[in-house]
Amino acid sequence: EPNTVTLRTNKSDAIELAELVGQGARAKLLPSWGTILPPESLVQLLLGYWRGDGSATGREFSFASASRGLVEGVRLCLLRLGIVAGLYGRSNEGRRVRFPGGREIARGPLYVLSFSGANAHAWAKLVGLPAPDCSERSAARIIDGTAVYRVTSTRRVSYDGEVFDATVVDDH
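Residues numbered from 1 in each chain as written. Predicted model: local features only at pLDDT ≥ 70, side-chain atom pairs only at ≥ 80, totals over all residues. Heavy atoms only, no water.

Caption draft 1: Quick peek at the overall build of the chain. Along the backbone of the chain there are 4 helices and 8 strands. Scanning the chain from its N terminus toward the C terminus, one meets helices and strands in the order α-α-β-β-α-β-β-β-β-α-β-β. When each of the 172 residues of the chain is scored for burial, the buried share is 28%. Taking contacts inside the chain between residues at least 6 apart in sequence as the whole, the part at least 24 apart equals 56%. In the structure as shown, the chain presents an accessible area of about 12,600 Å², 52% of it carried by carbon and sulfur atoms. (Helix = DSSP H or I, 4+ residues; strand = E, 2+ residues; numbered from the N terminus. Buried < 20%, exposed > 50% of the residue type's maximum accessible area, 1.4 Å probe, protein only. Contact = heavy atoms within 4.5 Å. Areas by Shrake-Rupley, 256 points an atom, 1.4 Å probe, with all protein chains shown as cover.)

Caption draft 2: Layout of the packing of aromatic side chains. As enumerated under the stated definition, the model contains 6 aromatic pairs in all. On the numbers, 5.5 Å between centres and 5° between planes, the contact of Tyr-49 with Phe-63 is stacked. Pair noted here: Tyr-49 is in helix α2 (residues 39-53) and Phe-63 is in strand β2 (residues 60-65), with a separation of 14 residues, a long-range link. Judged by its relative accessible area of 0%, Phe-63 is buried. An aromatic cluster is built from Tyr-49, Trp-50, Phe-61, Phe-63, Phe-115 and Trp-123, whose rings are joined through pairwise contacts. (Phe/Tyr/Trp six-rings, centres within 6.5 Å; stacked < 30°, edge-to-face > 60°.)

Caption draft 3: Up close: the packing of α2 against helix α3 (residues 68-80). Where α2 meets α3, the axes come as close as 10 Å, and the angle between the chain directions of the two elements is 140°. The angle between α2 and α3 falls in the class oblique. The element α2 and its partner α3 pack so that their crossing is left-handed. Residue-level contacts link Pro-39, Leu-42, Leu-46 and Tyr-49 of α2 to Leu-70, Val-71, Val-74, Cys-77, Leu-78 and Arg-80 of α3. Grouping the amino acids of the contact of α2 with α3 by side-chain chemistry returns 9 nonpolar, no polar and 1 charged. (Axes fitted to C-alpha atoms, helices over the stretch in contact; angles between N-to-C directions. Parallel < 35°, antiparallel > 145°, perpendicular 65-115°, else oblique. Left-handed = near helix turned anticlockwise from the far one by under 90°. Nonpolar A, V, L, I, M, F, W, Y, C, P; charged D, E, K, R; others polar.)

Caption draft 4: Structural view of the side chain of Ser-114. Looking at the element boundaries, Ser-114 is found in strand β6 (residues 110-116). Residue classification places Ser-114 among the buried residues on the basis of a relative accessible area of 15%. In this structure Ser-114 touches Glu-60, Phe-61, Ser-62, Ala-85, Gly-86 and Tyr-88, once residues within four positions along its chain are discounted.

Interpretation note: all reported values are geometric properties and have no functional meaning in isolation.
Below, the structure is given as structure tokens:
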């Protein structure tokens, strides 16, 4: 078929691969060596993953997976490339997927990394995609080697643990 790749391997290679990346959609991980690749190779690894589980709208790029561990690994790799991505989870509770032959499975949560603005422009430039139709302003960015996220809202919650005050003196 035109969009199909067939991989033939022996059982020991398949077992070794499963040990590297996890078994089952929810247990997938980015192999530890993936996070220390040279930047050019890291871009190719992420681009390959994005082609499989990524998407683009006119304004943003995103990666999605049933595995939080996998998207956390991808998020670290993006940070190495100077791209800050937001992570959110979406519940699929009650949703089921039916396969040909009658097999049915419950869907778990979906984890999504998304980025827009300057971060989307940086990704497009790195991988040779058209620049997104959005301003280069970003709520999240890297300043002096630190990922900085703008707080856009807060809410009161009941909490019994320790609380830290992150107020910057003379800056509010």
